[in-house]
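Below are the chains, spelled out letter by letter.
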Amino acid sequence: MPETAEQSSGPREVGDLKEHSVLRVGYRLAKTKGTGMLTLEGRAGVLKEAYFLDGQPQFVNSNVEAERLGQFLLEQKALTPAALQRALSVMHHFGGRRADTLVGLDLLDPLEAYRLLAKQVAAKLMEAFSWPKGRYTWTPRATNPYKSRSLHLDAFRVIGAGAAQLTEVLVDDWLQTNARNFITREPAPDGELSQFGLGEALLRVYSLLDGRTRLGDLAARVRSPEARVNLLRLTYL
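Calculation criteria
- Residues numbered from 1 in each chain as written.
- Predicted model: local features only at pLDDT ≥ 70, side-chain atom pairs only at ≥ 80, totals over all residues.
- Heavy atoms only, no water.
- Helix = DSSP H or I, 4+ residues; strand = E, 2+ residues; numbered from the N terminus.
- Buried < 20%, exposed > 50% of the residue type's maximum accessible area, 1.4 Å probe, protein only.
- Areas by Shrake-Rupley, 256 points an atom, 1.4 Å probe, with all protein chains shown as cover.
- Arc of directions from axis to C-beta.
- Contact = heavy atoms within 4.5 Å.
- Polar contact = N/O pair within 3.5 Å; in protein donor to acceptor, adjacent residues only side chain to side chain.
- Core = buried A, V, L, I, M, F, W, Y, C linked by side-chain atoms within 4.5 Å.

A. Here's a closer look at the overall build of the chain. Each helix and strand counted, the chain has ten helices and seven strands in total. Relative to its 237 residues, the chain shows a buried fraction of 41%. Of the roughly 13,100 Å² that the chain leaves accessible, carbon and sulfur atoms contribute 51%.

B. Just helix α3 (residues 81-90), in detail. Residues of α3 that are buried: Ala83, Leu84 and Ala87. The buried residues of α3 occupy an angular sector of 100° when the element is viewed end-on, so they sit on one face. Away from its buried face, by an angle of more than 90 degrees, α3 presents the exposed residues Pro81, Ala82 and Gln85. Contacts from the buried residues of α3 go to α2 (69-75) and α4 (98-104).

C. How the structure looks around the side chain of serine 21. Relative to the helices and strands, serine 21 resides in the loop between β1 (13-16) and α1 (22-32). For serine 21, a relative accessible area of 14% corresponds to the buried category. Only 3.1 Å separates the side chain of serine 21 from the backbone nitrogen of arginine 24, close enough to count as a polar contact.

D. Looking closely at the environment of arginine 28. With respect to the secondary-structure elements, arginine 28 resides in helix α1. The spacing of arginine 28 and leucine 116 is 88 residues in sequence and 26 Å in space, taken between C-alpha atoms. A polar contact is formed between the side chain of arginine 28 and the side chain of glutamate 13, at a distance of 3.3 Å.

E. Unusual backbone geometry, seen in detail. Phi angles above zero are rare outside glycine, and aspartate 54 is one such case at about 50°. Unusually for a residue other than glycine, aspartate 106 sits at a positive phi of about 60°. With respect to the helices and strands, the residue aspartate 106 is situated in the loop between α4 and α5 (110-127).

F. Structural context of the nonpolar core. Counting residues in each nonpolar core, the largest one holds 64 residues, and the members touching the most others are Leu38, Leu40, Leu125 and Phe129. At eight residues, α5 tops the list of elements feeding residues into this core. Not counting residues up to four positions away in its chain, the partners in contact with leucine 125 are Leu40, Ala50, Phe52, Pro57, Val60 and Val158.

G. Local environment of the environment of alanine 78. As for its position among the elements, alanine 78 is in the loop between α2 and α3. When the C-alpha atoms of alanine 78 and glutamate 112 are compared, they prove to be 9.1 Å apart, with 34 residues separating the residues in sequence.

Right, here's the structure in full:
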């Protein structure tokens, strides 16, 4: 039986994402203030390396071209293609750090660069929350080898935001698999639910999970397709 991610030191843990979702593993690391590297292997060779320090995500390296910082900034309309190309051509003068390059060239102000970089790192991790299958490896005490600054991301806020963006396909498949199961809420310490940043909606859904209601019956109470998906997202969390 593998070591669990509750441990912040010790041997590596390898697990199946069908049995332990990325969201659940990230939550355990946040709760236990784990420090190390969480490697995520998805379909089609997708690979991500998420580095945690005291339970908080510090940096996420991804081999997905569309998740590179430059592409993200273009999608956010924070840069033009010409400005990005200019930054890439002189990035070596700024220690290889794209964010520092953009600030140094006055293409972004420091606060905006920090905000966008934090948003991009969180987005790379949250995208994996909807993976239906794959493998994860937790390597305790592994340090971040990449040139990155502390982003002060809050793991609980990242988990909450990621849960609110779970794909409809994932939650529908989860519903189909567990429709006849009774849903029981896990005990939550005082104030923990508020840390996810989802407001009263999460508290209301949490109060419905009484252990006497099947997941399918709970979902059937909601007529609006959009509201139903949101209910399932929060119930999944």
